[in-house]
Amino acid sequence: QVQLAESGGGLVQAGDSLTLSCQASGRPYSSSVMGWFRQSPGREREFVAAIRWGRGSTYYTDSVKGRFTISKDSAKNTVYLQMNNLEPEDTAVYYCAKGTGLDKSDFRSWGQGTQVTVSS
């Protein structure tokens, strides 16, 4: 099906900003949900943010509310994750995913991931 490609990861200092991009190989359906997850060593993959492609409604995990913003460019089949005021706890591999709902089990397509490292 659809292939996802993340980019934009890197090494930054605490308090800095970084924006991740995820481009889909095809146009998502209006009912699709695009999301960002992250995983650090020794921890399970966790939900970060999601956006309903057609409606544009956004959702965030509590730890990133007010700091991260998920958005999309429909013409480019691309979803973004703008991360501000980064903290060392944000260090993880970030994955882009596409699904049919907001539950973890609803996300069936995944990108390869991009590393985000925040130094103190």
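Whatever comes next refers back to the structure up there.
For the structure given in this document, a descriptive report is provided here. (Residues numbered from 1 in each chain as written. Predicted model: local features only at pLDDT ≥ 70, side-chain atom pairs only at ≥ 80, totals over all residues. Heavy atoms only, no water.)

## Observations regarding the environment of leucine 102
Phase 1: Within the element layout of this structure, leucine 102 appears in the loop between β9 (92–99) and β10 (107–110).
Phase 2: Given the relative accessible area of 33%, leucine 102 is considered partly exposed.
Phase 3: Along the sequence, leucine 102 and phenylalanine 47 sit 55 residues apart, while their C-alpha atoms lie 9.6 Å from each other.
Phase 4: When near neighbours in sequence (up to four residues on either side) are disregarded, leucine 102 contacts Val33, Ala50, Arg52, Tyr59 and Phe107. (Helix = DSSP H or I, 4+ residues; strand = E, 2+ residues; numbered from the N terminus. Buried < 20%, exposed > 50% of the residue type's maximum accessible area, 1.4 Å probe, protein only. Contact = heavy atoms within 4.5 Å.)

## Concerning the nonpolar core
Nonpolar side chains tend to gather and get buried jointly when the protein is soluble and globular.
Phase 1: With 24 residues, the main nonpolar core has Trp36, Val79, Leu81, Met83 and Tyr94 as its most contacted residues.
Phase 2: Of all elements in the fold, only β3 (18–24), β4 (33–39), β5 (46–52), β7 (68–73), β8 (78–83), β9 and β11 (114–119) reach the threshold of two or more residues within this core.
Phase 3: Here this core takes 4 residues from β3, the largest share from any one element.
Phase 4: Once residues lying within four places of it in the same chain are set aside, the contact partners of leucine 81 are Leu18, Thr19, Leu20, Trp36, Val48, Ala49, Phe68, Thr69, Ile70 and Tyr94.
Phase 5: Within the second largest apolar cluster, 6 residues are counted, among which are Val33, Phe47, Ala50 and Ala97. (Core = buried A, V, L, I, M, F, W, Y, C linked by side-chain atoms within 4.5 Å.)

## Observations concerning the environment of phenylalanine 107
Phase 1: With respect to the element layout, phenylalanine 107 can be found in strand β10.
Phase 2: Classification of phenylalanine 107 by relative accessible area gives buried; the value is 3%.
Phase 3: The spatial distance from the C-alpha of phenylalanine 107 to the C-alpha of aspartate 16 is 29 Å, given a sequence separation of 91 residues.
Phase 4: Once residues within four sequence positions are removed from consideration, phenylalanine 107 is found in contact with Val33, Met34, Gly35, Phe37, Ala97, Lys98, Gly99, Gly101 and Leu102.

## Regarding the pairing of β11
Phase 1: Alternating residues of β11 divide into Thr114, Val116 and Val118, all buried, and Gln115, Thr117 and Ser119, none buried.
Phase 2: As paired elements, strand β2 (residues 10–13) and β11 share 4 bridges and run parallel to each other. Bridge pairing links valine 12 to valine 118 in β11.
Phase 3: The pairing of β9 with β11 spans 3 bridges and is antiparallel. Looking at the pairing, tyrosine 94 lines up with threonine 114 of β11. (Pairing = 2+ DSSP bridges.)

## A closer look at the pattern of salt bridges
Phase 1: Counted by the stated rule, this structure contains 6 salt bridges.
Phase 2: Its salt-bridge partner being glutamate 46, residue arginine 38 comes within 2.7 Å of it at the nearest N-O pair.
Phase 3: Under the relative-accessibility criterion, glutamate 46 is labelled partly exposed at 22%.
Phase 4: Between lysine 65 and aspartate 62 there is a salt bridge; the shortest N-O distance is 3.1 Å.
Phase 5: Each member of the salt-bridge network shares a partner with another, and the members are Arg38, Arg43, Glu46, Arg67, Glu87 and Asp90. (Salt bridge = Lys/Arg side-chain N within 4 Å of Asp/Glu carboxyl O.)

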